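# Descriptive analysis of the structure
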Amino acid sequence: MLRMSYSAHSSTLRRHAASLARRGMSTKSASPLEADAGGVATHAHHAMTTFLVVAAPAMFAVPDSMTDGFLDKAFGLLVAVNVSAHSWIGLNYVATDYVPKVSKKLLPPARLACAGVALVTLGGLSKIALNNKGGIKGTVKGLWNPRPKETEE
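All of these numbers come straight from a predicted model, not from anything done at the bench.

### Focus on the overall build of the protein
The secondary structure content of the protein amounts to 6 helices and 0 strands. Of the regular secondary structure in the protein, the N- to C-terminal order runs α-α-α-α-α-α. Each of the 153 residues in the protein was classed as buried or not, and the buried ones make up 24%. Relative to all contacts within the protein whose residues are 6 or more apart in sequence, the contacts with residues 24 or more apart total 71%. Total accessible area computed for the protein in this model is approximately 11100 Å², and 68% of it derives from carbon and sulfur atoms.

As structure tokens, then:
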């Protein structure tokens, strides 16, 4: 009994290690939807994380008068692309880890759903970034600023 339990656990660990090795060492993915495949995707994901950690606070720290106009829109689009790509790769990591536990046949549709979520995120954040009312910075600041009261005359 003990031997059988150890054998099953050992087999599970070997399969998991092989899966991690395949995912981490793969250099070419079978599908463009496999955003988490290979070392390039991992490196890109970490670079985007670093960019977002440094750039987002910097964007909010700079006064509005310095970032109005083209700079605000360009930086907003850069943040929108980074957030969307970061979420796409991250959601693919989650799908790779958890969807096969339910069914391996659900992995391709899950990857498609991850790409769809990333595209919707990119579209929404891009629209906000190109908005004339302050872009992403103005939208986030607007969450804490009360609306001005309209006076009736």
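### Focus: the packing of aromatic side chains
Aromatic rings considered in pairs are described by the distance between their centres and by the relative angle of their planes. For the structure shown, the criterion picks out 1 aromatic pair. When the centroid spacing of 6.3 Å and the interplanar angle of 50° are considered together, the rings of Phe-51 and Phe-75 count as tilted. Taken together, the positions of Phe-51 in helix 2 (residues 38-61) and Phe-75 in helix 4 (residues 70-102) put the pair 24 residues apart, joining distant regions of the chain. Assessed through its relative accessible area of 24%, Phe-51 is described here as partly exposed. For Phe-75, a relative accessible area of 24% puts it in the partly exposed group.

### Describing the pattern of salt bridges
Pairs may arise between side chains of opposite charge once their charged atoms sit close together. All chains considered together, the criterion is met by 2 salt bridges. One salt bridge connects Asp-64 with Lys-137, and the closest N-O pair in it is separated by 3.2 Å. Highlighted residues: Asp-64 in helix 3 (residues 64-67) and Lys-137 in helix 6 (residues 135-142), separated in sequence by 73 residues. Asp-64 sits in the partly exposed class, given a relative accessible area of 36%. Several salt bridges share partner residues, and in doing so they unite Asp-64, Lys-137 and Lys-141 into one network.

### A closer look at helix 4
Since the α-helix turns once every 3.6 residues, residues separated by three or four places project in the same direction. Helix length check: helix 4 (33 residues) gives 47 Å between terminal C-alpha atoms against 48 Å at 1.5 Å per residue, within 8%. Thr-96 marks where helix 4 bends most, by close to 35°; the proline Pro-100 follows one to four residues later.

The rules behind these values
- Residues numbered from 1 in each chain as written.
- Predicted model: local features only at pLDDT ≥ 70, side-chain atom pairs only at ≥ 80, totals over all residues.
- Heavy atoms only, no water.
- Helix = DSSP H or I, 4+ residues; strand = E, 2+ residues; numbered from the N terminus.
- Buried < 20%, exposed > 50% of the residue type's maximum accessible area, 1.4 Å probe, protein only.
- Contact = heavy atoms within 4.5 Å.
- Areas by Shrake-Rupley, 256 points an atom, 1.4 Å probe, with all protein chains shown as cover.
- Phe/Tyr/Trp six-rings, centres within 6.5 Å; stacked < 30°, edge-to-face > 60°.
- Salt bridge = Lys/Arg side-chain N within 4 Å of Asp/Glu carboxyl O.
- Expected span 1.5 Å × (residues − 1).
- Bend = angle between axes of the 7 residues up to and from the residue.

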